[in-house]
Amino acid sequence: MSETLALQGRHIVLGLSGGVACYKAAELTRLLVKAGATVQVVMTEAATRFITPVTLQALSGRAVHTDQWDAREPNNMPHINLSRQADAVLIAPASADFIARLAQGRADELLSLLCLARPAERCALLVAPAMNREMWAHPATQRNTAQIAADGAHVLGPAAGDQACGEVGDGRMLEPAELLDELIAHFQPKLLAGRSMLVTAGPTFEAIDPVRGITNLSSGKMGFAIARAAAEAGAQVTLVAGPVQLPTPRGVHRIDVQSAQQMLDAVLPQAPRHQVFVATAAVADWRPAQAQAQKIKKDGSGQPPALAFIENPDILATVARLPTGQRPWCVGFAAESHDIVAHARQKLARKGVPLIVANNGPATFGRDDNQLVLVDAQGEHALPPGDKLTLARQLVAEIARRMAGSAE
Ligand code: C5P
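What counts, and at which threshold
Residues numbered from 1 in each chain as written. Predicted model: local features only at pLDDT ≥ 70, side-chain atom pairs only at ≥ 80, totals over all residues. Heavy atoms only, no water. Buried < 20%, exposed > 50% of the residue type's maximum accessible area, 1.4 Å probe, protein only. Helix = DSSP H or I, 4+ residues; strand = E, 2+ residues; numbered from the N terminus. Pairing = 2+ DSSP bridges. Contact = heavy atoms within 4.5 Å. Core = buried A, V, L, I, M, F, W, Y, C linked by side-chain atoms within 4.5 Å. Near = heavy atom within 4 Å. Polar contact = N/O pair within 3.5 Å; in protein donor to acceptor, adjacent residues only side chain to side chain. Areas by Shrake-Rupley, 256 points an atom, 1.4 Å probe, with all protein chains shown as cover. Axes fitted to C-alpha atoms, helices over the stretch in contact; angles between N-to-C directions. Parallel < 35°, antiparallel > 145°, perpendicular 65-115°, else oblique. Left-handed = near helix turned anticlockwise from the far one by under 90°. Nonpolar A, V, L, I, M, F, W, Y, C, P; charged D, E, K, R; others polar. Patch = residues over 30% accessible without salt bridge, like charges linked within 9 Å, V, L, I, M, F, W, Y side chains within 5 Å. Salt bridge = Lys/Arg side-chain N within 4 Å of Asp/Glu carboxyl O. Domains from an automatic or database assignment. Buried area = accessible area lost by both parts, 1.4 Å probe.

1. Remarks on the pairing of strand β19 (residues 373-376)
Looking along a regular strand, one sees side chains alternate from face to face of the sheet.
Thought 1: Here β19 shows two buried faces, one formed by Val373 and Val375 and the other by Leu374 and Asp376.
Thought 2: Sheet topology places β19 next to strand β20 (residues 379-382); four bridges connect them, and they run antiparallel. Note that in β20 the partner of Val375 across the bridge is Glu380.
Thought 3: Hairpin geometry of β19 and β20 is characterised by an intervening segment of two residues between the two adjacent antiparallel strands.

Dropping the structure here:
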C-alpha cells in the first residue's frame, strides 16, 4: 500500500528498555523515519547493553538520550523537554522490569521519568512487551500490565512464537512493521469506535474441475484497505476474502473462501452481528453448472467440452433483503468501464442499498490507487483520486457520518 509518509509531522519518543528485542528497534527506527516521523530515541542503561546508542543515533539522526542528569539540556530537565515535544511515546522493547516500573510510577531513571512526566491527555504511551514466556505469564507481570493499561497505556502484543532463549510461547515483541501499523492506527480518529463492520474482498474462484476454474482480476486491495481503515477507526472488523495474496490487516478477523457460494455461506451468519456491510468483492456472476470431480481431458475430437453455467447468488442483495434488526447498513461497489455513475445509480435501486461506491474497474484492478464516486439518494460525491488506503479512510469517515445521521 503506498503510504510512505503516514507519520509526517509526528514526533515520536522511542524508548528502549533491556532485552534481546532491542535489535528490532533499529529497524523500527528506520521504518518510523521512512514514514515521515521525527524520532527521539531514549534508552535505559540495560538497553545500551543490547544495542549501542551509536546505531540508533545514526538511524534517527538525533543524539540518543540515556541520562536524566544530561547537562546538554539548558534547563537540565530532559524528562520535561523530551515529553513535551512528543506526539506519542513508544516503548519497544518493554521489559518485565520496565513494565513493573511504569506500574509503580517509578522515576529514578530518564525513560520511566519521562513516561511519568508526559502530558498524558495529548501524548499517548504505547508499550510493546518483550520477554521470556514465563516472565510474561507470571502473575506479577500480568498484574503490572493490567495496571498500566488501566492507567491509560496502550499495550501492543506481545506475539507468540520462537524466543531468543530457545523456548516457544507468548512474549515476543511485535515485528517492527506491525508496530509501525499500530502507531499509524493510533493517530487515526476513532470514528467507528464501538461499531462493527463486515467486508467482502477479492475475486471468487469457481471450479470447472480440480485443476481449472473461472475467476477475475480483482486483487482485493480496496477491500483490505477498507477493513484496515475501519479497524484503525476503532471498529471490530470481519473480512471475508476470496483467493488473494494479501496480509491480514492488524486486528481484523479474516475468513478465507474460494467460491461465491462459500462467500455467501460465510457472510450470512455474520451479517446480523455487524452494523455495516461493505461488499467490495468482485463476485463471479456465473459458475459452471457442475464442477467435475476429475480433470476434463481432451478427447482427440478437436471439440471443446460444452460447459453450462448457472448464476451465482447475489451476496449484497441477499444481505440487503434481510429483515430489519438483522440487516446491517449496506454499501455496494460498482466496478464499471463506462457510464460509471449511471450504472451505479441503477445498482443502488436494484440492490436496495443506501450507498454505492462507483469506480473504474479495469483502470483500478491490481493498482494501489483509485478514484471513487459515492452515489446515494442525495446525489453524487467524488473523492479526490488517491491511494487505496487514503480513499478507504475517507470512505470510512463518510460511512460513519451517514450512520450517525441515520436512525438505525
Ligand atoms: O451486480 P454487480 O456485480 O454489478 O454489483 C457489484 C456489487 O455487488 C459489489 O458490491 C459486489 O461485491 C456485490 N455483489 C455481490 N454478489 C454478487 C455480485 C455482486 O455481493 N453475486
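2. Focus: the environment of His186
Thought 1: Residue position: His186 is located in helix α9 (residues 176-186).
Thought 2: In sequence terms His186 and Ala159 are 27 residues apart; their C-alpha atoms lie 19 Å from each other.
Thought 3: Discounting chain neighbours no more than four positions away, the residues touching His186 are Ala124, Leu126 and His154.

3. Structural notes on the nonpolar core
In globular proteins that are soluble, nonpolar side chains generally tend to be buried together.
Thought 1: Counting 36 residues, the largest nonpolar core has Met197, Ile226, Val278 and Ile399 as its most contacted members.
Thought 2: Secondary-structure elements contributing two or more residues to this core are β8 (196-201), α10 (221-232), β11 (236-241), β13 (276-279), β16 (329-336), β17 (355-360) and α15 (388-405).
Thought 3: Residue contributions to this core peak at eight residues, all from α15.
Thought 4: Every residue in contact with Val278, bar those within four places of it in the chain, is listed here: Met197, Leu198, Val199, Thr200, Ile226, Val331, Phe333 and Ile399.
Thought 5: Counting 35 residues, the second-largest nonpolar core is a separate cluster that includes Cys22, Ala37, Val64 and Leu90.

4. Thoughts on the site of the ligand
Thought 1: Residues in contact with the ligand amount to 13 residues; listed here are only the nearest, Ala279, Ala281, Phe333, Lys347 and Lys351.
Thought 2: A distance of 2.7 Å separates an oxygen atom of the ligand from a polar backbone atom of Phe333.
Thought 3: Separating an oxygen atom of the ligand from a side-chain N or O atom of Lys347 is a distance of 2.4 Å.
Thought 4: Burial of the ligand by the surrounding chains reaches 86%, relative to a free accessible area of 440 Å².
Thought 5: Taken together, the elements giving at least two residues each to the shell around the ligand come down to α12 (315-320), β16 and α13 (340-351).

5. Some thoughts on the packing of helix α4 (residues 78-85) against helix α6 (residues 110-117)
Thought 1: Closest axis-to-axis distance for the α4/α6 pair is 9 Å, and the angle between their directions is 55°. On the basis of their axis angle, the class for α4 and α6 is oblique. The handedness of the crossing between α4 and α6 comes out as right-handed. Facing Pro78, His79, Ile80, Leu82, Ser83 and Arg84 of α4, the residues of α6 in contact are Leu110, Leu113, Leu114 and Ala117.
Thought 2: Of the residues in the contact of α4 with α6, the class split is seven nonpolar, two polar and one charged.

6. Looking at unusual backbone geometry
Thought 1: Geometrically, the link from Ala92 to Pro93 is a cis peptide bond, its omega value of 5° lying close to zero.
Thought 2: In this structure, Pro93 sits in strand β3 (residues 88-94).
Thought 3: Along the chain, Gly157 connects to Pro158 via a cis peptide bond; the corresponding omega equals 5°.
Thought 4: Even without a glycine there, the phi angle at Asn76 is positive, about 60°.
Thought 5: With respect to the element layout, Asn76 can be found in the loop between α3 (53-60) and α4.
Thought 6: The phi dihedral of Asp339 is positive, around 45°, even though this residue is not glycine.

7. What to know about a nonpolar patch on the surface
Thought 1: Nonpolar side chains collect at one region of the surface, where Val20, Tyr23 and Phe50 lie side by side and expose about 330 Å² of accessible area between them.
Thought 2: Of note, Phe50 is situated in helix α2 (residues 47-50).
Thought 3: For Phe50, a relative accessible area of 44% translates into the label partly exposed.

8. Structural notes on the environment of Arg49
Thought 1: You can see Arg49 is positioned in helix α2.
Thought 2: Judged by relative accessible area, which is 66%, Arg49 ranks as exposed.
Thought 3: The spatial distance from the C-alpha of Arg49 to the C-alpha of Cys22 is 9.4 Å, given a sequence separation of 27 residues.

9. Some thoughts on the sheet that holds β19
Strands belonging to one sheet form pairs held by backbone hydrogen bonds; the direction of such a pair is parallel or antiparallel.
Thought 1: Judged by pairing direction, the sheet is mixed, and its eight strands sit side by side in the order β12-β11-β8-β13-β16-β17-β19-β20 without closing on themselves. The strands lining the two open edges of the sheet, one partner per strand, are β12 (253-256) and β20. If you compare each strand with its neighbour and ignore which way they point, the axes differ by 20° on average.
Thought 2: As paired elements, β11 and β12 share four bridges and run parallel to each other. Its bridge partner being in β12, Ala241 is matched across the sheet by Asp256.
Thought 3: Contacting β8, β13, β16, β17, β19 and β20, α15 crosses the sheet at an angle of about 140° to β16.

10. As for the domain arrangement of the protein chain
A common way to state how big an interface is: give the accessible area lost once the parts meet.
Thought 1: What the domain assignment reports for the protein chain is domain 1 (11-186) and domain 2 (196-407).
Thought 2: Placing a centre on the C-alpha atoms of domain 1 and another on those of domain 2 gives a separation of 40 Å.
Thought 3: Of the residues lining the interface, six residues belong to domain 1; the matching set on domain 2 comes to four residues.
Thought 4: The three residues of domain 1 that bury the most area against domain 2 are Asp181, Ile184 and Ala185, which together make up 65% of that side's buried surface.
Thought 5: If you look at where domain 1 meets domain 2, you find three salt bridges.
Thought 6: The tally of links from domain 1 across to domain 2 stands at two residue pairs in polar contact (both at pLDDT 80 or more).
Thought 7: A class-by-class count of the residues in the side of domain 1 that touches domain 2 yields three nonpolar, no polar and three charged.

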